[in-house]
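# Report on the structure
Listed here are the chains, written in short residue letters.
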Amino acid sequence: MNVNNFQEKYGAKGGIAKLTEFRSMLYSLDYTAQHFGVSKARVRLWLLEFFGTVYDPRRERKETIILNMIDFAKNNPIEEFEFAFRGTEYYKETLERCKEQKIYDNA
């Protein structure tokens, strides 16, 4: 499928601009598939076809979450950080980065 064909078929749902937006915002394949009314496999193929790379936003999403947690840490005491994030998936890794950046020196 080329961009023109994609636009003709999916233009009413935002077309290539919406697909590009979803990709840049790290939306899941499932969400994108639901939006366009197709399978996740089809979305995976579109992304490979139009952008030339396999789409796997997990690493970027993880980094974004950790950076947001670090921003929180910069503006809040460790007690609030622990209350907000203890037990979450990236808590330990973020806490280590906070120590490295001397945000929480005694943590």
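Residues numbered from 1 in each chain as written. Predicted model: local features only at pLDDT ≥ 70, side-chain atom pairs only at ≥ 80, totals over all residues. Heavy atoms only, no water.

## With respect to the packing of helix H3 (residues 29–36) against helix H4 (residues 40–51)
- Axis separation between H3 and H4 bottoms out at 8 Å; the angle between their running directions is 100°. When the axes of H3 and H4 are compared, the pair comes out roughly perpendicular. Contacts between H3 and H4 involve Leu-29, Asp-30, Thr-32, Ala-33 and Phe-36 on the former and, on the latter, Lys-40, Val-43, Arg-44, Trp-46 and Leu-47.
- Classifying every residue of the contact of H3 with H4 by side-chain character gives 6 nonpolar, 1 polar and 3 charged. (Axes fitted to C-alpha atoms, helices over the stretch in contact; angles between N-to-C directions. Helix = DSSP H or I, 4+ residues; strand = E, 2+ residues; numbered from the N terminus. Parallel < 35°, antiparallel > 145°, perpendicular 65-115°, else oblique. Contact = heavy atoms within 4.5 Å. Nonpolar A, V, L, I, M, F, W, Y, C, P; charged D, E, K, R; others polar.)

## Some remarks on the nonpolar core
- Counting residues in hydrophobic clusters, the biggest one holds 14 residues, and the most contacted among them are Phe-6, Leu-19, Phe-36, Val-43, Trp-46, Leu-47 and Phe-50.
- Counting residues per element, the ones that place at least two in this core are helix H1 (3–10), helix H2 (15–24), H3 and H4.
- The greatest single-element share of this core, amounting to 4 residues, is contributed by H4.
- Not counting residues up to four positions away in its chain, the partners in contact with Leu-19 are Phe-6, Thr-32, Phe-36, Trp-46, Leu-47, Phe-50 and Phe-51. (Core = buried A, V, L, I, M, F, W, Y, C linked by side-chain atoms within 4.5 Å. Buried < 20%, exposed > 50% of the residue type's maximum accessible area, 1.4 Å probe, protein only.)

## Topic: the side chain of Arg-97
- The topology assignment puts Arg-97 in helix H7 (residues 91–100).
- Take Arg-97: its relative accessible area is 19%, and that puts it in the buried class.
- If near-sequence neighbours (up to four positions away) are discounted, Arg-97 is found in contact with Glu-63, Ile-66, Leu-67 and Ile-70.

## Looking at the pattern of salt bridges
- Under the defined criterion, the tally for this structure stands at 8 salt bridges.
- Among the salt bridges present, the one from Glu-93 reaches Arg-97, with a minimum N-O distance of 3.3 Å. On the criterion of helical spacing, the pair formed by Glu-93 and Arg-97 is a turn pair, its members being 4 residues apart in helix H7.
- Ionic contacts of the salt-bridge type, sharing partners, join the residues Lys-62, Glu-63, Glu-93 and Arg-97 into one network. (Salt bridge = Lys/Arg side-chain N within 4 Å of Asp/Glu carboxyl O.)

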